[in-house]
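# Commentary on secondary and tertiary structure
Take a look at the letters that make up each chain.
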Amino acid sequence: MHRKKPFSIKQKKAQLQAKRAQKRDQNDDDSSEVEASRPRPRERGSSSTNTAPSDEKRNRLTSQFDKLTRDEIERNKRLSMQPLNRLEPEDGLTMSFEDAYTEAVDIPVRPAWKYGESRAALESREVRYFDSWLEAIQKLKDDDEVSLYEKNLEVWRQLWRVVEISDILLVVIDIRHPVLHFPPSLYRYVTKTTGKPLVVVLNKTDLVTDDTVQAWKSYFKSKFSSIVLTSFCCYREKIMPNATDAMDPKLIKKKTRKRVYDSSQVGELFAACRGVVDSSKQSLVEWDALISRYTDKSQAVDNESDDDDKEELDSDNGDNDDESKSVNDASEENTKAEGHVEAVSDKYVTIGLIGHPNVGKSTVINSIMGRTVVSTSRTPGHTKHFQTIHVTPTLRLCDCPGLVFPCVIDRTMQILAGLYNIAQVQEPYSSVQYLAERIPLEKMLNLLPKNTSAMVKNEWSAWGICEAFAVDRGFYTSKAARPDVYRAAAGLLP
């Protein structure tokens, strides 16, 4: 009987690597043959039953930002180990439009086009224009005059198309950072370049007090007298009851796991839209009936059980196919054979929702519909492609992917405001330092100085806070069992 030879782990590893390499080569050959025999895709004006964007298109719509160099990462890491420079509240917690934006920093505007020219010629002209804008804005970025901003032309094209097909533009802003989320360049683009009406929606009002909402409305009116303002809350439970109880953790209620969308302010939102819509389209929508429908909903007391909610949801899914089937229909319904986006339709009143990532544009749409019709996520940039949802046969909403507009504030503030995906942050320590210099972070987390070795003259540093937080939460590296400072820093960010 033949005796088997010893087979070491090293030999086994080499054997598996050779098999994987052979399999990759075979898959490459098969994919090239399939690609050659695959039929050409449909033109953008043709009919199709599946209007959802393909994986390839979703990848093209992924946001692109500048990355830090290795030297910048190491420098910021060393700075985070220095003692914190505590700032006074009036110095570190206030921001004006002049601090966040300048007139020199503008956004790209789609070049003029007409239906007669070909799609290739238009896209080529858009690329040349965007490259020139990118070159000019990148010079400001290299001089540290501009922070993170969107560098993907395909994402900017989504904004251009939503603005073109919309009758009314809703700029959704997070009321916790309203100055940051309202770029004056976007305001000029909508109101002056396109001449379309603009409504500012102060979203997430359940996270602040009523006095804060009124204060921000007065501030925006003093800066932009011509804008229309409305507030919005997507969930039913109020998180902050009043200013006195706002800082008492015992009185702060946690949100329920089940999402219950609040439609009590939808009537106010549509009333603001009715006031700015073009007079030629006033008769397309029965505004009084639409507003009263949501007003009656807010006045009624919801005493239905979970089973009733489930039956209503199933009924909505079955009876409102004309609403759900319109999701992602913008790429097919509103495009011509040449690839141009259709001008404003005379059959509908289209309301476009634009703004920064993670401000709640998709959640506003779900609140209007009373159920989840648009996917949402805590991760910024979850919406990849603009999509339309019909509220009535003649009224539709258009959800635009969020864009990070050029600004002059610090990069760390953009990260803390939720504009950037935390999983893609290369160096989170400077953001923790920015936060710890303005609020007593170590006291709020009940951290102990003995859990860190990064105390400098008995003073806290951003690195020390992250290290103590890692020990407190049990975050350790797998090999050396040291405190996982990076994981702790990323966990402290929103």
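Given the structure is predicted, the values throughout are model-derived calculations rather than measurements. (Residues numbered from 1 in each chain as written. Predicted model: local features only at pLDDT ≥ 70, side-chain atom pairs only at ≥ 80, totals over all residues. Heavy atoms only, no water.)

The subject of this paragraph is helix H20 (residues 485–492). Taken residue by residue, H20 has Val-485, Ala-488, Ala-489 and Leu-492 as its buried positions. For H20, the angular spread of the buried residues around the axis is 100 degrees, confining them to a single face. Contacts from the buried residues of H20 go to helix H17 (429–436), helix H18 (441–444) and helix H19 (462–473). (Buried < 20%, exposed > 50% of the residue type's maximum accessible area, 1.4 Å probe, protein only. Helix = DSSP H or I, 4+ residues; strand = E, 2+ residues; numbered from the N terminus. Arc of directions from axis to C-beta. Contact = heavy atoms within 4.5 Å.)

For the protein chain, the average pLDDT comes to 78, and 75% of its residues sit at 70 or higher. Within the protein chain, no element has a lower average pLDDT than helix H14 (residues 330–333), which sits at 39, and none a higher one than strand S2 (residues 198–203), at 94. Here residues 33–53 scores under 50 on pLDDT; set against residues more than four positions off or in separate chains, the count is 23 contacts. (pLDDT = per-residue confidence, 0-100.)

Bringing the sheet that holds strand S3 (residues 228–231) into the picture now. With respect to topology, 6 strands assemble into an open sheet ordered S3-S2-S1-S4-S6-S5, the strand pairing being mixed. Each edge of the open sheet is held by one strand with a lone partner, namely S3 and strand S5 (387–392). Taking the axes of each pair of neighbouring strands and ignoring which way they run, one obtains an average angle of 25 degrees across the sheet. Alignment of strand S1 (residues 168–174) against strand S4 (residues 349–354), held across 4 bridges, turns out to be parallel. Looking across to S4, one finds that Leu-170 is bridged to Leu-353. The strands touched by helix H7 (residues 153–165) within the sheet are S1, S4 and strand S6 (395–399), with S4 carrying the most contacts at an inclination of about 150 degrees. (Pairing = 2+ DSSP bridges. Axes fitted to C-alpha atoms, helices over the stretch in contact; angles between N-to-C directions.)

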